[in-house]
Amino acid sequence: MEILHSKIYGEERTETPLLVFHGLFGMLDNWGSFGKEFGELMPTHVIDLRNHGRSFHSDSMSHDDLANDILNYMEFHKIEKANLLGHSLGGKAVMQFAIKFPEKLNKLIVVDISPKAYPPHHQGIIKALQTVDFETVTSRQDVEKVLGEYIHEKFVIQFLMKNLYWTEDKKLAWRFNLKTLAEKYTEFVSNAIKFGVFKGSTLFVAGANSNYILPQDELLIRQQFPDSKIIKIANAEHWVQANNPLDFNAAVKDFL
């Protein structure tokens, strides 16, 4: 059984651990400063999802897979009960976990995603990533140039470029498993999480300038997460924790 790769802050502390999961094409490094800050208060595990970062690659990528990975991780690290935080795709993973294994969960934090199915909306990014030919590019600048032909938001390019690394045979490559993420994309984006109810305390954190959690999603959220509240973080888009870390971190601390 393969165990997700993680970085643990405040491992020596005795409070209920917080497990943190990034979004699609992200990696645990995106949550490094958050991990450091929260590691002062509780053991904080910042974790790479399967097919991302330094975690294992697999041909399978369903919400159930992601939920089972969390369970395996907790059992491996001998964590009886945890607080979970997930952003975007990581949010889908922690919601599915909450519904499948509610007894393992203390509090749940879902960042800028709802339980619903989303229409596919990353096709441009996937096409850009697939266009990069690692046989011909020789520098990070080359990769940036190819991505720039398809993607016009500078911060999105920089976010994706964090996944580049040099292989042992001196070639650039992506850390994420682009093949599976492209093939299974509709399975994990265009599917709602399985219907079920998590009765525990839940916080949904939306970016005030993001359209991932809409007013009409609130009914579905309340049906599946009856003890939940939804808050909006000002001056934040989809990457809430990066856009306004001060208010975001304060809201999470307050909830925990």
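This section reports on the structure supplied with the text. Because the structure is a prediction, the values reported are computed rather than measured. (Residues numbered from 1 in each chain as written. Predicted model: local features only at pLDDT ≥ 70, side-chain atom pairs only at ≥ 80, totals over all residues. Heavy atoms only, no water.)

## Examining the layout of surface pockets
Part 1 of the argument: Of the volumes computed, that of the largest pocket is approximately 690 Å³.
Part 2 of the argument: Forming the walls of the largest pocket are 31 residues, and the residues nearest its centre are F155, V156, F159, H238 and W239.
Part 3 of the argument: Elements represented by at least two residues in the lining of the largest pocket include exactly α4 (123–131), α6 (154–161) and α10 (240–243). (1 Å grid on protein atoms, 1.4 Å probe; cavity = no way out; pocket = protein on both sides within 12 Å on 5 of 7 lines; lining within 4 Å. Points joined across faces, edges and corners; volume = space filled by probe spheres on them. Helix = DSSP H or I, 4+ residues; strand = E, 2+ residues; numbered from the N terminus.)

## Remarks on the sheet that holds strand β5 (residues 105–111)
Part 1 of the argument: Spatially, seven strands are ordered β1-β3-β2-β4-β5-β8-β9 in an open sheet, and the strand pairing comes out mixed. In this open sheet, the two strands that pair with only one neighbour each are β1 (6–9) and β9 (228–233). In this sheet, adjacent strand axes meet at a mean angle of 15 degrees when their direction is disregarded. (Pairing = 2+ DSSP bridges. Axes fitted to C-alpha atoms, helices over the stretch in contact; angles between N-to-C directions.)

## Overview of the pairing of strand β4 (residues 82–87)
Part 1 of the argument: Burial analysis of β4 places six of its six residues in the buried class, which makes it a mostly covered element.
Part 2 of the argument: Burial along β4 is two-sided: the face carrying A82, L84 and G86 and the face carrying N83, L85 and H87 are both buried.
Part 3 of the argument: Bridge count between strand β2 (residues 18–21) and β4: four bridges; the pairing is parallel. When the sheet's bridge partners are listed, L19 is paired in β4 with L84.
Part 4 of the argument: Bridge count between β4 and β5: five bridges; the pairing is parallel. Residue H87 lies in a different strand from β5, and its bridge partner there is V111.
Part 5 of the argument: Once the chain exits β4 it traverses helix α3 (residues 89–100) before rejoining the sheet at β5, and the crossover so formed is right-handed. (Buried < 20%, exposed > 50% of the residue type's maximum accessible area, 1.4 Å probe, protein only. Right-handed = clockwise from strand over helix to strand, strands pointing away.)

## Section: helix α2 (residues 63–76)
Part 1 of the argument: Across its 14 residues, α2 extends 20 Å between first and last C-alpha, which sits within 8% of the 20 Å expected from 1.5 Å per residue.
Part 2 of the argument: Of the positions making up α2, those classed as buried are H63, D64, D65, L66, A67, D69, I70, L71, N72, Y73 and M74.
Part 3 of the argument: Tucked into the core, α2 has its buried residues touching β1, β2, β3 (44–47), β4, α3 and α8 (185–189).
Part 4 of the argument: Directly after α2, the chain includes K78, whose backbone phi takes a positive value near 55 degrees. (Expected span 1.5 Å × (residues − 1). Contact = heavy atoms within 4.5 Å.)

## Quick word on the packing of α2 against α3
Part 1 of the argument: Packing of α2 against α3 leaves a shortest axis separation of 8 Å and a crossing angle of 70 degrees. By the angle between their directions, the pair α2 and α3 is classed as roughly perpendicular. Across the interface between the two elements, H63, D64, L66, A67, N68, I70, L71 and M74 from α2 touch L89, K92, A93, V94, Q96, F97 and K100 from α3.
Part 2 of the argument: Partitioned by chemical class, the residues of the contact of α2 with α3 number nine nonpolar, three polar and three charged. (Parallel < 35°, antiparallel > 145°, perpendicular 65-115°, else oblique. Nonpolar A, V, L, I, M, F, W, Y, C, P; charged D, E, K, R; others polar.)

## A few points about the pattern of salt bridges
Part 1 of the argument: Within the structure shown, the criterion is met by 10 salt bridges.
Part 2 of the argument: Between E37 and K253 there is a salt bridge, with the nearest N and O atoms lying 2.5 Å from each other. Of this pair, E37 sits in helix α1 (residues 32–39) while K253 sits in helix α11 (residues 245–255), and the two are 216 residues apart along the sequence.
Part 3 of the argument: For E37, a relative accessible area of 33% corresponds to the partly exposed category. (Salt bridge = Lys/Arg side-chain N within 4 Å of Asp/Glu carboxyl O.)

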